[in-house]
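# Descriptive structure summary
Each chain, letter by letter, is given below.
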Amino acid sequence: MKTKTILKQCMGIDISMKKIDCCLAVYTQELQVKVVSTGKFENNGKGLLKLRQWIEKKSDKMFKLHVNMEATGVYHEDAAYFLSDLGFKLSIIQPAKGKQYARSLDEKNKTDRIDAIMLARMGLERDLPLWNRPEENLHILKRLSRERISIIRDRNALTNQLHALNHAHKAYAKSIKRLKQRIKLATKQLAEIEVQMRDLVTETPVLDEKIKHVITIPGINFVTAATVIAETDGFSNISNSRQLVSYAGLDVVISESGTL
């Protein structure tokens, strides 16, 4: 294909815990999407280096490369930071958006390779917002927030076990003692995490200012504000209240048809 016929190039990436499926595609002056190449790499440091070599070999140096990937828990993060360090434009979409776009293509099959092709095509056809790379302290704040939530869930489960055990017939005293110790440890760790979150925010003026604004909302305390700010990457990818409500899964969706 002649370089002059290319308008845009994009690499779609489908990521799982162990592997990275990629598709490099271009958009031509004939308004057609052409797949240049597909590849598969391990989702680790060695695999990312091979991915870099593959990009250098397959991409067109005359055009900036746009990368489009789905957010996959934490498994996409290493690739996102690696590609960001290389200077590529990067979009990270929520899986729901990817599924909606895939349905519009009437693609009945689903494989990691097909998903990568779909993400590449989506990046070529849509004007996707670019990923705003979070500052390191914001990234740590998110980790602390998620660790806190995990410990709260564990403590609630332990508390329920203790309640059941206390009401059981001839409950074993040593089992009750161990449960109480685990609950006490979880409570201690929660206090430690909150202190670390506060220290982190205090030493980061931008975070401190954002949290001070959020806690002016009645009913919002420090931990809630820190959690919301961390999960939204400091609202960097949120431009209005509707997006925030939708991101939280609290938006009302109308579904009606005929008498239904």
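Described in the following lines is the structure provided in the data block. (Residues numbered from 1 in each chain as written. Predicted model: local features only at pLDDT ≥ 70, side-chain atom pairs only at ≥ 80, totals over all residues. Heavy atoms only, no water.)

Scanning the model with the defined rule gives 11 salt bridges in all. Taken together, the shared-partner salt bridges in this structure form one network comprising Lys19, Asp21 and Asp112. (Salt bridge = Lys/Arg side-chain N within 4 Å of Asp/Glu carboxyl O.)

The subject of this paragraph is the sheet that holds strand 5 (residues 89-93). Taken in spatial order, the 5 strands make up an open sheet running 3-2-1-4-5, and their pairing is mixed. In this open sheet, the two strands that pair with only one neighbour each are strand 3 (33-42) and strand 5. When strand polarity is set aside, the average angle formed by the axes of neighbouring strands in this sheet is 20°. Bridge count for strand 2 (residues 19-28) against strand 3 is 9 bridges, and the pairing is antiparallel. Paired with Lys19 across the strands is Glu42, a residue of strand 3. Strands in contact with helix 1 (residues 45-58) are strand 1 (6-15), strand 2, strand 3 and strand 4 (65-70); relative to strand 3, the strand with the most contacts, it is inclined by about 155°. (Pairing = 2+ DSSP bridges. Helix = DSSP H or I, 4+ residues; strand = E, 2+ residues; numbered from the N terminus. Axes fitted to C-alpha atoms, helices over the stretch in contact; angles between N-to-C directions. Contact = heavy atoms within 4.5 Å.)

Glancing now at the packing of helix 6 (residues 173-202) against helix 8 (residues 222-231). When two helices pack together, you describe them by how their axes are tilted relative to each other and by the distance separating the axes. Two numbers describe how helix 6 lies on helix 8: the axes approach to 11 Å, and their chain directions differ by 65°. When the axis of helix 6 is compared with that of helix 8, the two are roughly perpendicular. As for how helix 6 packs across helix 8, the hand of that crossing is left-handed. In this structure, helix 6 contributes Glu194, Met197, Arg198 and Val201 to the contact, and helix 8 contributes Phe222, Val223 and Ala226. Of the residues in the contact of helix 6 with helix 8, the class split is 5 nonpolar, no polar and 2 charged. (Parallel < 35°, antiparallel > 145°, perpendicular 65-115°, else oblique. Left-handed = near helix turned anticlockwise from the far one by under 90°. Nonpolar A, V, L, I, M, F, W, Y, C, P; charged D, E, K, R; others polar.)

Turning next to the environment of Lys108. Looking at the element boundaries, Lys108 is found in the loop between helix 3 (95-104) and helix 4 (112-125). Between the C-alpha atoms of Lys108 and Leu244, which are 136 residues apart in sequence, the distance is 31 Å.

The backbone of Leu31 shows a phi angle near 60°, a positive value even though the residue is not glycine. Inspection of the secondary structure assignment puts Leu31 in the loop between strand 2 and strand 3. Although it is not a glycine, Asp233 adopts a positive phi angle of roughly 55°. Relative to the elements of secondary structure, Asp233 occurs in the loop between helix 8 and helix 9 (241-247). The exposure class of Asp233 is buried, given its relative accessible area of 13%. (Buried < 20%, exposed > 50% of the residue type's maximum accessible area, 1.4 Å probe, protein only.)

Applying the stated rule across the entire model yields 2 aromatic pairs. For the pair Phe41 and Trp54, a centre-to-centre distance of 5.8 Å together with 65° between the ring planes defines the contact as edge-to-face. Within this pair, whereas Phe41 is found in strand 3, its partner Trp54 is found in helix 1, the two being separated by 13 residues in sequence. Each member of the pair, Phe41 as well as Trp54, is classed as buried. Relative to Trp131, the ring of Tyr81 lies with its centre 5.4 Å away and its plane at 90°, an arrangement referred to as edge-to-face. Here Tyr81 is found in helix 2 (residues 77-85), whereas its partner Trp131 is found in the loop between helix 4 and helix 5 (136-166), with 50 residues between them in sequence. The burial state of Tyr81 is the same as that of Trp131; both residues are buried. (Phe/Tyr/Trp six-rings, centres within 6.5 Å; stacked < 30°, edge-to-face > 60°.)

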